[in-house]
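Remarks on the overall topology
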Amino acid sequence: MRFVLCYLLLLGRTSVLSTYGPYQRAQMTGDILLGGLFPIHFGVASKDQDLAARPESTQCVRFNFRGFRWLQAMIFAIEEINNSSTLLPNITLGYRIFDTCNAVSKALEATLSFVAQNKIDSLNLDEFCNCTDHIPSTIAVVGAAGSAVSTAVANLLGLFYIPQISYASSSRLLSNKNQYKSFMRTIPSDESQATALADVIEYFQWNWVIAVASDDDYGRPGIEKFEKEMEERDICIHLNELISQYMEEHEIQALADRIENSSAKVIVVFASGPDMEPLIKEMVRRNITDRTWIASEAWASSSLIAKPEYLDVVAGTVGFALKAGHIPEFKEFLQHVQPKKDNHNDFVREFWEETFNCYLKDSPRLQESDNGSTSFRPLCTGDEDITSVETPYLDYTHLRISYNVYVAVYSIAQALQNVLTCTPGHGLFANNSCADIKKIEAWQVLKQLRHLKYPNRAGGKMHLDDFDLSANYTIINWHRSAEDGSVVFEEVGYYNMHAKRGAKLVIDKTKILWNGYSLEVPFSNCSEDCEPGTRKGIIDSMPTCCFECTECSDGEYSNHKDASICTKCPNNSWSSGNHTSCFLKEIEFLSWTEPFGIALAICAVLGVVLTAFVIGVFVKFRNTPIVKATNRELSYLLLFSLICCFSSSLIFIGQPHDWMCRLRQPAFGVSFVLCISCILVKTNRVLLVFEAKIPTSFHRKWWGLNLQFLLVFLFTFVQVMICVVWLYNAPPSSYMNHDIDEIIFITCNEGSEMALAFLIGYTCLLAAICFFFAFKSRKLPENFTEAKFITFSMLIFFIVWISFIPAYFSTYGKFVSAVEVIAILASSFGMLACIFFNKVYIILFKSSRNTIEEVRCSTAAHAFKVAAKATLKQGTVSRKKSGSIGGSSASSPSSSISLKTNGEGRETPSGRQKPRVSFGSSTVMLSLSFEESRRSSLM
């Protein structure tokens, strides 16, 4: 087999360069050979191979002027290195460059030639034949352009560790060094570009877009990363489509239908120019001009799409372009291309024919034209002036991919220079040895490239393997030229991946012309923006970007458009009427200055004044029978407690503080218990005296003033202990109630509702007992019928406090204090009026009734009624007994009741007789004394 291979090599020594790879190529011999892969054509002809005969090689179609310029950049760099006296002196670089036709099959066909040549060199054929003039191995490959093509090429070159440096393949999958061992590139990864595209969408506040990607290793990973970035930003993709230049016509039409019917107006395209062209043509045919295109770097400046006839559809496109570089003297090199001079470049002839729309003499295309397979073109000489025509080939104002090619070639040359200048003992190989430049192999070059320090554009050093980190893009906008209607790429911003967050993307929106003429940013949202004061509400079965605007709830606000949530106002604030801001709540409490507080305070002061007036009247007329009969000492204590009751209501007015909250309920509770205790003792004492048939010294002894005050003290002490326990365990305190919408109420937190219930409950218990005794003694003599009025006062007390309970728990804020103040004042006025006002009226206006005779007559009349009832009851009982013993014929004994005041009555030391009441066989004497000196009088 080795002899056969050697034979083949010797057989084609003169034309050996044409025996490997596709026929059309650019090639030049040298000491070291570099390979190149460039898309000189946009695609291959679609041809159905029915295998009826030997399959023919697929024909490449549609010449790519920019691809040819990239090829020229590689040749220019190699010639520049060969002419350099400092870089690789005495070493000539050669090249073998093939056309990939932007197709994987063509790229692999060319790559096999690189691999086959390396395989032949590894056989050491020199042992069997003289093969010293054979082609040197390809030690590195520059290319390819498309990521899908580079992926296939990288898999093959990686098997033989042939270094590959791509100038335009940006797929993030190619960053996997485990899978693509020998792949490197001079272009940033799509990992950064996808983030940049998402940042642009977010910058213009779009949330409803269409995503279109090439159905290859460039588009699919790029759009996948873009989708993740969009999800993180809560931006929705309405349609997600894959395209290819080989799609059927009906598939393109269906895709155009979906785009046309979509409500999204922004289309993000992660595809190459050839893949985009069928879709753009269909959009132009339909005249769909209301869409905004966001272009990835693969087609942002594509000459295939940036045509004047497409501008109605694609004008205003915003795209990402690589940072442009400068190549000295490259312009002159491009202008000096000529078919007669460039015999080593088979693509120059086709370039010339496509540029001048002609055919060169002896062109294979001329024969095709004679056969009628192509349109007629005139002949050209090859001496035409290349500068006289406009072509993308001469567009050297922004050298992006061309510069990347230039850098790739120089990177390989620098790696070889490091091999050439390597000092033994400081090399990268085993035992720190150096490689032999004359016998350099691909894997050794790969090792040098991996350790190559590359000068970046910022002036620093970086590894060629880490070129993904230099993600800097220029943002361009497609304008229509006013001169000839062609496409002008206007720079409107830039994207720097290394900048701080918030400063990565810089766009001058004033330079952008949307759809080619408008300065207004197009709207591409699923729903209209929500105005301030509203928020986005979820719509069932719709993406999160589709929403309805819902007004913020009370107490919440939104002060910017399209708010996702409404912000809750602080506790001391409330939302305005349109819910766009918050204002400070009004602080309210039962104030001394408000009309309601003033009215309550006046009523309390009036109650104190009236009570003080009653005290004054009682003190002045203390020796009159009315005052004496009401037990002066208890009356004074009762009036004092009423003053305390009226005064305690004033503590409920004003801004609550902790000390006020802890004082007001105990003050109210103790005052009322003291008041009711006095009434209870008074009422029970009168009842016991008048119910006793024979008053004895026992009653006078135990119902003296000392015992009365002792009982009042005991009753009050119980309430005091309740208050002490309350204040010790759960003391009340002031707090701000923020629960009310627009107002902050400063109120008292009672600490323990149970303690308050005990306090009021104990007061009501004493009131109930007092009511019982007062009701029972309501028929005492007229001058002693204060029990009747006490009954009324207790009824008023119960009505007030029974009404107070639901009112207290159903009101809020300052009205809680107001309700309690009203209850205190109402019950206090009720007791003051019912118990004392009738007496004051008699003392001041009916003095004729305020005499001892009036008291005696009232007492005697009451005694007569009691005696009469007793006699009648006794007679009834006797008749029943006699009837049961002697039959119905027994007659009842006669009874006589007489009131004796003369003769039989006993005279008092003052000369007056005591009234005597006789009934039956006994006589009861009632003695009433009104001397001042007897402080223990019964009445």
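The rules behind the values
Residues numbered from 1 in each chain as written. Predicted model: local features only at pLDDT ≥ 70, side-chain atom pairs only at ≥ 80, totals over all residues. Heavy atoms only, no water. Helix = DSSP H or I, 4+ residues; strand = E, 2+ residues; numbered from the N terminus. Buried < 20%, exposed > 50% of the residue type's maximum accessible area, 1.4 Å probe, protein only. Contact = heavy atoms within 4.5 Å. Areas by Shrake-Rupley, 256 points an atom, 1.4 Å probe, with all protein chains shown as cover. Pairing = 2+ DSSP bridges. Axes fitted to C-alpha atoms, helices over the stretch in contact; angles between N-to-C directions. Salt bridge = Lys/Arg side-chain N within 4 Å of Asp/Glu carboxyl O. Core = buried A, V, L, I, M, F, W, Y, C linked by side-chain atoms within 4.5 Å. Parallel < 35°, antiparallel > 145°, perpendicular 65-115°, else oblique. Left-handed = near helix turned anticlockwise from the far one by under 90°. Nonpolar A, V, L, I, M, F, W, Y, C, P; charged D, E, K, R; others polar. Polar contact = N/O pair within 3.5 Å; in protein donor to acceptor, adjacent residues only side chain to side chain. Patch = residues over 30% accessible without salt bridge, like charges linked within 9 Å, V, L, I, M, F, W, Y side chains within 5 Å. Lys, Arg positive; Asp, Glu negative; His and termini not counted. Charge placed at Lys NZ, Arg CZ, Asp CG, Glu CD. Right-handed = clockwise from strand over helix to strand, strands pointing away. Disulfide = S-S within 2.5 Å. pLDDT = per-residue confidence, 0-100. Phe/Tyr/Trp six-rings, centres within 6.5 Å; stacked < 30°, edge-to-face > 60°.

Helix and strand counts for the protein come out as 24 helices and 32 strands. Buried positions account for 49% of the 939 residues belonging to the protein. When contacts within the protein are restricted to residue pairs at least 6 apart in sequence, those whose partners lie at least 24 apart make up 69%. When the accessible surface of the protein is split by element, carbon and sulfur atoms take 56% of a total near 45200 Å².

Here we come to the sheet that holds strand β10 (residues 236-243). Strand pairing in a sheet is mediated by backbone hydrogen bonds. Such pairs are either parallel or antiparallel. Taken in spatial order, the eight strands make up an open sheet running β10-β9-β11-β12-β13-β18-β19-β20, and their pairing is mixed. The open sheet has two edge strands, β10 and β20 (505-507), and neither has a second partner. In this sheet, neighbouring strand axes are inclined to one another by 25 degrees on average, regardless of whether the strands run parallel or antiparallel. With nine bridges connecting them, strand β18 (residues 472-480) and strand β19 (residues 487-496) associate as antiparallel partners. By the bridge assignment for β19, I476 is matched with E491. Along the sheet face, helix α7 (residues 249-261) touches β9 (208-214), β10 and β11 (266-270) and points at about 165 degrees away from the line of β10.

Between side chains of opposite charge, a pair can form as their charged atoms come close. Overall, the coordinates contain 23 salt bridges when judged by the stated rule. In this structure, K561 engages E531 in a salt bridge whose closest nitrogen and oxygen atoms are separated by 4.0 Å. Taken together, the residues K561 in the loop between β23 (556-557) and β24 (567-568) and E531 in the loop between β20 and β21 (534-538) connect sequence positions 30 residues apart. Owing to a relative accessible area of 49%, K561 belongs among the partly exposed residues under this scheme.

A separate point is the nonpolar core. Within the largest apolar cluster, 101 residues are counted, with the highest numbers of intra-cluster contacts made by F38, M74, I201, F226 and L416. Here this core takes 12 residues from helix α13 (residues 401-420), the largest share from any one element. Among all residues touching M74, those that are not within four sequence positions of it are L34, G35, G36, F38, Y95, I97, V142, V405 and V409. With 61 residues, the next largest nonpolar core counts A601, I626, L639 and L766 among its residues.

For the pair helix α2 (residues 65-82) and α13, the least separation of the axes is 8 Å and the interaxial angle reads 30 degrees. By the criterion of interaxial angle, the relationship of α2 to α13 is roughly parallel. Of the two elements, α2 crosses α13, and the hand of that crossing is right-handed. Packed against α2, whose contacting residues are R66, R69, W70, A73, M74, F76, A77, I78, E80 and I81, the element α13 presents I401, S402, V405, Y406, V409, Y410 and A413 at the interface. Of the residues assigned to the contact of α2 with α13, the class counts are 13 nonpolar, one polar and three charged.

On to the packing of α7 against helix α8 (residues 273-286), then. Between α7 and α8, the least distance of the axes is 10 Å, while the angle of their chain directions is 60 degrees. Classified by the angle their axes make, α7 and α8 are oblique. As for the relative orientation of α7 and α8, their crossing is right-handed in sense. Every residue of α8 that contacts α7 at I252, Q253, L255, A256, D257, I259 and E260 is listed here: P278, L279, E282, M283, R285 and R286. Partitioned by chemical class, the residues of the contact of α7 with α8 number seven nonpolar, one polar and five charged.

What follows deals with the side chain of N345. Topologically, N345 is positioned in the loop between α10 (330-335) and α11 (347-356). Of the polar contacts made by the side chain of N345, one reaches the side chain of Q72; its length is 3.4 Å. Filtering out sequence-adjacent residues up to four positions away, N345 remains in contact with R25, A26, F68, L71, Q72 and I75.

This part is about a negative patch on the surface. A cluster of like negative charges, contributed by E551, D554, D741 and E742, occupies part of the molecular surface. Locating E742 in the fold gives a position in the loop between β28 (733-737) and β29 (743-749).

We now examine the pairing of β9. With seven of its seven residues buried, β9 lies for the most part within the structure. Judged by which residues are buried, β9 turns out to be covered on both faces: W208, I210, V212 and S214 on one side and V209, A211 and A213 on the other are all buried. Note that β9 and β10 share seven bridges and pair parallel. Among the inter-strand pairings, S214 is bridged to a residue of β10, identified as I243. In terms of handedness, the path from β9 via helix α6 (residues 219-232) over to β10 forms a crossover that is right-handed. Here β9 runs beside β11; their pairing, made up of five bridges, is parallel. Paired with I210 across the bridge in β11 is I267.

Bringing the state of the cysteines into the picture now. Defined simply, a disulfide is a covalent bond joining two cysteines at their sulfur atoms. The final tally for this structure, using the stated rule, is nine disulfides. The side chain of C530 participates in a disulfide bridge whose partner is C549; the two sulfur atoms lie 2.1 Å from each other. Looking down the S-S bond of the C530 and C549 bridge, the torsion is -95 degrees, so its handedness is left-handed. In this pair, C530 is assigned in the loop between β20 and β21 and C549 in strand β22 (residues 547-551), connecting sequence segments 19 residues apart. Classification of C530 by relative accessible area gives buried; the value is 0%. Given the relative accessible area of 41%, C549 is considered partly exposed.

Here we come to the environment of E109. Mapped onto the fold, E109 is located in helix α3 (residues 104-121). Separated by 44 residues in the primary sequence, E109 and V153 have C-alpha atoms spaced 9.7 Å apart.

The next subject is the confidence of the model for the protein. Of the residues in the protein, 79% reach a pLDDT of 70 or more, and the chain-wide mean stands at 80. Considering each helix and strand of the protein separately, the mean pLDDT is smallest for strand β30 (residues 897-900), with a value of 40, and largest for strand β12 (residues 292-295), with 96. Contacts from residues 1-20, a stretch scored under 50 in pLDDT, to residues over four places away or in other chains number 34 contacts. For the stretch residues 885-939, pLDDT sits under 50, and the model shows 80 contacts to residues farther than four places along the chain or on other chains.

Looking at where T423 falls in the secondary structure, it is placed in the loop between α13 and α14 (442-450). Spatially, the C-alpha atoms of T423 and S433 are 8.1 Å apart, while their sequence positions differ by 10 residues.

Moving on to the packing of aromatic side chains. Across all of its chains, the model carries 32 aromatic pairs by this definition. Arranged with centres 5.7 Å apart and planes meeting at 80 degrees, the rings of W206 and W514 form a pair that is edge-to-face. In this pair, W206 sits in the loop between α5 (190-203) and β9 while W514 sits in the loop between β20 and β21, placing the two residues 308 residues apart along the sequence. Accessibility classification places W206 together with W514 in one group, the buried group. Judged by centre distance (6.5 Å) and plane angle (75 degrees), the rings of F320 and Y495 are edge-to-face. Of this pair, F320 sits in strand β13 (residues 318-322) while Y495 is found in strand β19, placing the two residues 175 residues apart along the sequence. Residue classification places F320 among the buried residues on the basis of a relative accessible area of 0%. Put simply, the rings of F76, F330, F333, Y403, Y406 and Y410 touch in pairs and so form one group of aromatic residues.

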